[in-house]
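Tertiary structure, described
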Amino acid sequence: MQLFDGKTLKGWKFVEPDRRWAIRDGSLVCRGPASTLLLVERPREVISRNFELEIEAMGRPEHRAEVHILSACQGSSSAKVVVANRSPVPDDPQTWLQAGSIIGRRHIYKKLIPDGTWFRLNIAVRGRHFEVRLNGVLLVDFLDHECGIPDLGDATIALHCAGDSEVLFRKIQAHSISDKSVGTSDSEQPDVVERKILHHTGQGIPIIDCHVHLKGDLDLDGAQRHSRRHGIQYGVAVNCGKGFPVETDEAALAFCRDLSAQPVFVAMQAEGREWTSMFSQATAAAFDYIFTDSMTWSDRSGRRMRLWIPDEVGAIANPDDFMETLIARTQDILQREPIDIYANPTFLPAVIADNYGQLWTEQRMQRIIETAARNQVAIEINELYQIPSAKFIRLAKAAGCKFTLGSNNTGSADLRRSEYGLRIIEHCELGPNDFFLPGVTYSRAIDRKPGVLLV
Ligand SMILES: [Zn+2]
């Protein structure tokens, strides 16, 4: 059933006095400042407990528009879905949410639709269960235990806009759907981790796992289900470098192409030190961000070692000597290589890992932190190794460093829910602006450090 006839605003009412809405060439055009248009003549046979709203919209930069699903729940909106958002700016978490986000509940940070392009947004509501699709791609599958539409027929919708530019709607329609719930089950209560994720999301902290691998039994579908189920946005990374799955520009670009329409960030995990002479600037630019670690380097005698392989590390006769080389190599990487994130930070080989607390003295930590801050390289809070320590994070935060969450999983079983990162957020009192958002927090490292990669 059409809720907008393309000619009049029959059935709708302005909540604010300002008439910021117009009809132009069959489209409903809204302009800021803040204004809300409420559907007052709601077709009860359609918009009840189970319905799907379909909207075609087009956003221009510098504008924000939302669809509100209203019910008696808490006397306000059950769900505020972002239709269009102004261009994201650093230090303003409100601008980071992209189309398809449910504000405060499920945030989408990857921009999937370019400004000035028509797109289709479908919002399916089944009581407390919300699904949001953008051009047919399922972004949100969320069971809201706090709020929803518990009673038959008490829902309606509103369009809300704010900003200086325009959002256009050319189709607004709704239809009934069956109440068969898909995905999450009504009886499943969120556990303590899910409550934490929801809490931090509500605070505006971008819960993005920037270091997810499609490895072992984990494929993209499985990763997306996990992402939607737990409310964690993903950055999917491929290992690029000597002896790794991707060794050529062609293979790297094919990986980016495969993920281009997906609601995930696409990341290059640069491996070894050889990567800068294996990939071109243009290939690197196809990724949303690049990260590396300091786990592969050659010692002073020229022996190349991978720190996670005990046989290559061998015995460490003088741990202090080793730390000096590790710090020098790490500083060189952070300084020279065009990377956005330092992954697996402060990792030590197994043979000395038990002495992490003694070997990572404050003075040594500060040398890494100072170099990362000066080079605008974000620091990963790594789930696999549970590093760096809270002490390191506190010092890095004080130095103005930004952070990311990173699973570094090897399959589906160790794709956890950033439990270590969530603990760190609490212990170190990290807020939204302590986090790195790809393409927003800093300009990209490959643009700041041109001339390092192949032309
Ligand atoms: Zn990795």
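See the structure above.
Each residue is numbered by its place in its chain's sequence as written, counting from 1. Per-residue local features of the predicted model are confined to residues with pLDDT of at least 70, and side-chain atom pairs are confined, for both listing and counting, to 80 or more; whole-chain, interface and lining totals are unaffected and use all residues. Side-chain metrics in this entry use all non-hydrogen atoms of the structure; hydrogen atoms and water are not considered.

A word on the overall build of the protein chain
Under the convention used in this document: Only DSSP runs of H or I with at least four residues qualify as helices, and only runs of E with at least two residues qualify as strands; both kinds are numbered from the N terminus onward. This radius of gyration counts C-alpha atoms alone. The globule rule is 2.2 Å times how many residues there are, raised to the power 0.38. We call a residue buried when its accessible area falls under 20% of the maximum for its residue type, exposed when it is over 50%, and partly exposed in between, using a 1.4 Å probe and counting protein chains only. In this description, contact between two residues means that some pair of their heavy atoms is separated by no more than 4.5 Å.
Along the protein chain, the regular secondary structure elements total 12 helices and 21 strands. A compact globule built from 455 residues should have a C-alpha radius of gyration of about 23 Å, and the protein chain, at 24 Å, falls within 12% of that. On the principal axes, the C-alpha backbone points of the protein chain span a range of 80 × 45 × 40 Å. A total of 455 residues make up the protein chain; the buried ones form 57% of that total. Taking as baseline every contact in the protein chain between residues at least 6 positions apart, the subset at least 24 positions apart corresponds to 72%.

A short note on unusual backbone geometry
Following Ile387, the chain continues into Pro388 via a peptide bond in cis, with omega recorded as -5°. Relative to the elements of secondary structure, Pro388 occurs in the loop between β20 (378–382) and α10 (390–398). Phi is positive for Asn408, which is not a glycine, with a value near 55°. Structurally, Asn408 can be placed in the loop between β21 (403–406) and α11 (419–427).

Topic: the pattern of salt bridges
Pairs can form between side chains of opposite charge whenever their charged atoms are close. To be explicit about the condition: When a carboxyl oxygen of Asp or Glu lies within 4 Å of a side-chain nitrogen of Lys or Arg, that pair is called a salt bridge.
For the coordinates displayed, the defined rule picks out 30 salt bridges. One salt bridge in this structure joins Arg86 and Asp92, with 3.6 Å as the shortest N-O distance. The partly exposed category is assigned to Asp92, whose relative accessible area is 23%. Here Arg126 and Glu131 are joined by a salt bridge, their closest N and O atoms 3.2 Å apart. Within the structure, one salt-bridge network assembled from shared partners comprises Arg24, Arg31, Arg60 and Glu166.

Notes on helix α9 (residues 362–374)
Worth spelling out the cut-off: Expected helix span is taken as 1.5 Å per residue step, with the number of steps being one fewer than the number of residues. Arc definition: directions from the helix axis to the C-beta atoms.
With 13 residues, α9 should cover 18 Å at 1.5 Å per step; its first-to-last C-alpha distance of 18 Å lies within 8% of that length. Buried residues of α9: Arg364, Met365, Ile368, Ile369, Thr371 and Ala372, and no others. On an axial view of α9, the arc spanned by its buried residues comes to 165°, and they lie on one face. The inward-facing, buried residues of α9 contact α6 (319–336), β19 (341–342), α8 (356–359), β20 and α10. Downstream of α9 by one or two residues, Gln376 has phi in the positive range, about 50°.

Comments concerning the coordination of the zinc ion
Our working rule: Listed donor atoms are N, O and S within 2.8 Å of the metal (Na, K and Ca: 3.2 Å). As water is not included, a site may look incomplete. Under this scheme a four-donor centre is tetrahedral when all angles range from 85 to 135 degrees, a four-donor centre is square planar and a six-donor centre octahedral when opposite donors are above 155 degrees with the rest from 65 to 115, and any other centre is irregular.
Within the protein, the zinc ion binds to His211 (NE2), His213 (NE2), Gln269 (OE1) and Asn408 (OD1); these donor distances fall in the range 2.0 to 2.8 Å. For the zinc ion, the four donor atoms are set out with angles of 79 to 172° between them, so the coordination reads as irregular. In the primary structure, the donors to the zinc ion are separated according to the pattern H-x1-H-x55-Q-x138-N. Highlighted residues: Gln269 in strand β15 (residues 265–270) and Asn408 in the loop between β21 and α11, separated in sequence by 139 residues. Across the pair, exposure class does not vary: Gln269 and Asn408 are buried alike.

Regarding the side chain of Asn408
Threshold: Nitrogen and oxygen atoms within 3.5 Å of one another constitute a polar contact, given that in protein one can donate a hydrogen and the other can accept it, and given that sequence-neighbouring residues count only through two side-chain atoms.
Given a relative accessible area of 11%, Asn408 falls into the buried group. For Asn408, the side chain forms a polar contact with the side chain of Asn344, separated by 2.9 Å. Dropping the residues within four chain positions of it, Asn408 is found in contact with His211, His213, Asn344, Asn382, Leu384 and Tyr385.

Considerations on the packing of α6 against α9
The description of two packed helices rests on the angle between their axes and on the distance between the axes. Rules: Under this scheme, a helix contributes an axis fitted over its contacting stretch, all axes are lines through C-alpha atoms, and angles between N-to-C directions fall in the 0 to 180 degree range. The scheme is simple: roughly parallel for angles under 35 degrees, roughly antiparallel for over 145, roughly perpendicular for 65 to 115, oblique for anything else. Residue polarity is assigned by list, with Asp, Glu, Lys and Arg as charged and Ala, Val, Leu, Ile, Met, Phe, Trp, Tyr, Cys and Pro as nonpolar; anything else, Gly included, falls into the polar class.
One can describe the packing of α6 onto α9 by two numbers: an axis separation of 9 Å at closest approach and a directional angle of 5°. Looking at the two axes, α6 sits roughly parallel to α9. Residues Asp320, Met323, Glu324, Ile327, Thr330, Gln331, Leu334 and Gln335 of α6 form the contact with α9, whose participating residues are Arg364, Arg367, Ile368, Thr371, Ala372 and Arg374. When the residues that make up the contact of α6 with α9 are grouped by side-chain class, the tally is five nonpolar, four polar and five charged.

Quick look at the sheet that holds strand β5 (residues 50–59)
Definition in use: For two strands to pair, DSSP has to find at least two bridges joining them.
Taking strand neighbours across the sheet as the criterion, the seven strands line up as β2-β3-β12-β5-β8-β9-β10 in an open arrangement whose pairing is antiparallel. Of all strands in the sheet, those bounded by a partner on one side alone are β2 (21–24) and β10 (137–143). Within the sheet, the average angular offset between the axes of one strand and its neighbour, ignoring direction, is 25°. Across four bridges, strand β3 (residues 27–31) lies against strand β12 (residues 166–176) in antiparallel orientation. Within β12, the residue paired with Val29 across the bridge is Leu168.

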